[in-house]
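Descriptive structure summary
The lines below spell out each chain.
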Amino acid sequence: MTVGRFAPSPSGRIHLGNILCCLLAWLSARQKGGKVILRIEDLDTARCPQRYADQMIADLQWLGLTWDEGPVAGGPCQPYFQSRRTALYQQALETLQAQGLVYPCFCTRAELHAASAPHRSDGQPVYPGTCRALSPAQAAERAYVRAPALRLRVPDEDWGFLDGHMGAYRENLARDCGDFLLRRSDGMFAYQLAVVVDDAAMGVTEVVRGADLLGSTPRQLYLYKLLGLPAPSFCHFPLLLAPDGRRLSKRDADAGLDALRGRVTAPELLGWLAGLAGFNPSGEPCTPQQLLPRFSWDLVPKEDIRLPVMER
Ligand code: GLU
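What comes next is a walk through the structure. (Residues numbered from 1 in each chain as written. Predicted model: local features only at pLDDT ≥ 70, side-chain atom pairs only at ≥ 80, totals over all residues. Heavy atoms only, no water.)

**Quick look at the overall build of the chain**
Along its length, the chain carries eleven helices and eleven strands. Based on the C-alpha atoms only, the size of the chain along its principal axes is roughly 65 × 45 × 35 Å. Residues classed as buried in the chain amount to 50% of the 312 residues present. Residue pairs at least 24 apart in sequence account for 76% of intrachain contacts in the chain once pairs closer than 6 positions are excluded. With the model as given, the accessible surface of the chain reaches about 14100 Å², and the carbon-plus-sulfur share is 52%. (Helix = DSSP H or I, 4+ residues; strand = E, 2+ residues; numbered from the N terminus. Buried < 20%, exposed > 50% of the residue type's maximum accessible area, 1.4 Å probe, protein only. Contact = heavy atoms within 4.5 Å. Areas by Shrake-Rupley, 256 points an atom, 1.4 Å probe, with all protein chains shown as cover.)

Shown next as structure tokens:
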């Protein structure tokens, strides 16, 4: 059975990009008779307080995007909040440590950005390997002064996959991505590790998410292999851009549900978004169920979608 998921990070009010993500994940799974899981990706507890998660859950309920497992619904893989699942990430980390692939890194963010290293597709610098060859004695000495982050040593290998929507994608792990973070110096586990552990533990078979995470997928596939876990299939969809072409963010008040919920109904909003995403050309109001027979990945564009200027 197809198992899809919504995995929002509640660092602010849900915005149109998140809503499109949840809508596509919901339609893609439901069309195959599958189920949907809601997982709250609140690893960064300082940026993701519980009240934002509560608001996000209420907004998804208002939209009528139902889930079979997750907060409120319950289910066999509780808890559905990443902030409460750190024991699982610790276990996975230890599995990787046992393979000799994890090393402590003492570089500060400022040092990394100052280094003239090439940048990854997500704009982050490729780690230049500064701490890769520290001896255990050197690492122990530095750990007196600064708690280290933990990085995964990646091989000079190409990792590719066939995205269900975007087609073939490949990266060289060493050159395009670099040794990546598994745990930050403050102890917070990295998204890359947590998402792999959770999608596998929750039996997710299909990941639907924005194209900004396309470049994370080779890293995640590598983690699936190292951890001996089955990888899901992936469908990345184009990003929504603000009318001026900028990436939409949670700061775009116009695109947040705060501004929208008072002005439009949920079917109006979903029908309009589905129109922008190519499978409801008239843009007429639709519930998620009404969109089910209209949805097809073939109709969704591959280029970024620019939002029209909204009337006030
Ligand atoms: N939590 C991530 C976000 O909100 C999504 C992660 C994923 O879908 O893999 O951007």
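Moving on from the coordinates now.
**Notes on the packing of helix α3 (residues 86-98) against helix α7 (residues 191-201)**
The geometry of a pair of packed helices is captured by two quantities: the angle between their axes and the separation between those axes. Where α3 contacts α7, the axes come no closer than 10 Å and their chain directions differ by 105°. With respect to α7, the axis of α3 lies roughly perpendicular. Of the residues in α7, those touching α3 at L88, Y89, A92, L93 and L96 are L193, A194, V197 and D198. Broken down by class, the residue content of the contact of α3 with α7 amounts to eight nonpolar, no polar and one charged. (Axes fitted to C-alpha atoms, helices over the stretch in contact; angles between N-to-C directions. Parallel < 35°, antiparallel > 145°, perpendicular 65-115°, else oblique. Nonpolar A, V, L, I, M, F, W, Y, C, P; charged D, E, K, R; others polar.)

**Things to note about the environment of R153**
Among the secondary structure elements, R153 is positioned in the loop between β4 (149-152) and β5 (158-163). The class for R153 is partly exposed, based on a relative accessible area of 27%. Between the alpha carbons of R153 and A174 there is a distance of 8.7 Å; along the sequence they are 21 residues apart.

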